Every structure is written in C-alpha cells, then in structure tokens.
Amino acid sequence: MNLEWMDDARCREIGGDIFMPDNVIQHRQAIAICNSCPVKQPCLDYALATPGVYGIWGGTSEKQRRRLRRAS
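Analysis parameters
- Residues numbered from 1 in each chain as written.
- Predicted model: local features only at pLDDT ≥ 70, side-chain atom pairs only at ≥ 80, totals over all residues.
- Heavy atoms only, no water.
- Disulfide = S-S within 2.5 Å.
- Buried < 20%, exposed > 50% of the residue type's maximum accessible area, 1.4 Å probe, protein only.
- Helix = DSSP H or I, 4+ residues; strand = E, 2+ residues; numbered from the N terminus.
- Expected span 1.5 Å × (residues − 1).
- Arc of directions from axis to C-beta.
- Axes fitted to C-alpha atoms, helices over the stretch in contact; angles between N-to-C directions.
- Parallel < 35°, antiparallel > 145°, perpendicular 65-115°, else oblique.
- Contact = heavy atoms within 4.5 Å.
- Nonpolar A, V, L, I, M, F, W, Y, C, P; charged D, E, K, R; others polar.

A. Region of the structure containing the state of the cysteines. In the structure shown here, the tally under the stated rule is 0 disulfides. Free cysteine: Cys37, not disulfide-bonded; nearest cysteine sulfur from Cys11 at 6.3 Å. Residue classification places Cys37 among the buried residues on the basis of a relative accessible area of 16%. This cysteine, Cys43, is not joined by any disulfide, and Cys34 carries the nearest cysteine sulfur, 6.0 Å off. Here Cys43 falls in the buried class, since its relative accessible area comes to 11%.

B. Summary view of helix 2 (residues 24-35). Over its 12 residues, helix 2 extends 16 Å from the first C-alpha to the last, a length consistent with the 16 Å expected when each residue adds 1.5 Å. If you check which residues of helix 2 are buried, you get Ala30, Ile31, Ile33 and Cys34. Viewed end-on, helix 2 has its buried residues packed into an arc of 160°, placing them on one side of the element. In this structure, helix 2 carries Val24, Ile25 and Arg28 as exposed residues pointing more than 90 degrees from its buried face.

C. Structural context of the packing of helix 3 (residues 40-49) against helix 4 (residues 62-71). Between helix 3 and helix 4, the least distance of the axes is 10 Å, while the angle of their chain directions is 75°. On the basis of their axis angle, the class for helix 3 and helix 4 is roughly perpendicular. In this structure, helix 3 contributes Leu44, Ala47 and Leu48 to the contact, and helix 4 contributes Arg65, Leu68 and Arg69. Its residues placed into classes, the contact of helix 3 with helix 4 shows 4 nonpolar, no polar and 2 charged.

Right, here's the structure in full:
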C-alpha cells in the first residue's frame, strides 16, 4: 500500500497526541483537523483497510470505522 499521502497529512504538523483523544473536546478537535486535511480520504481508506488502527483517522473514530466496515 502506498503511504506517500502521509507526507501531506495535517497531523504531521500538529503531533499525534490529539488523535488519541482522552475526552470529548480533544475528539472534536481531532475531527476538525481531519476535516480540513487534504488527505482525509486516503487516511480513512488506510484506517479501514488496516485492522487494529487506534485513534482518529480520516475524521473517524474506531467505533465509526467498525460501523463503516460492517456496512460495506
């Protein structure tokens, strides 16, 4: 799988802690960052294709990704 898209991810500029949120505020902040990220879709595709990925990826939580996998 090509991961070059990661070079353009906004999370690289910010650091990863916020994408492993401990509370609702951090969760919302992480989602907002993802929503403005130019590589949101490849990030989500990666997270959906990679079991065991934790935290916020592609603007989704682990729970949201489980639902997306079941729906497809």
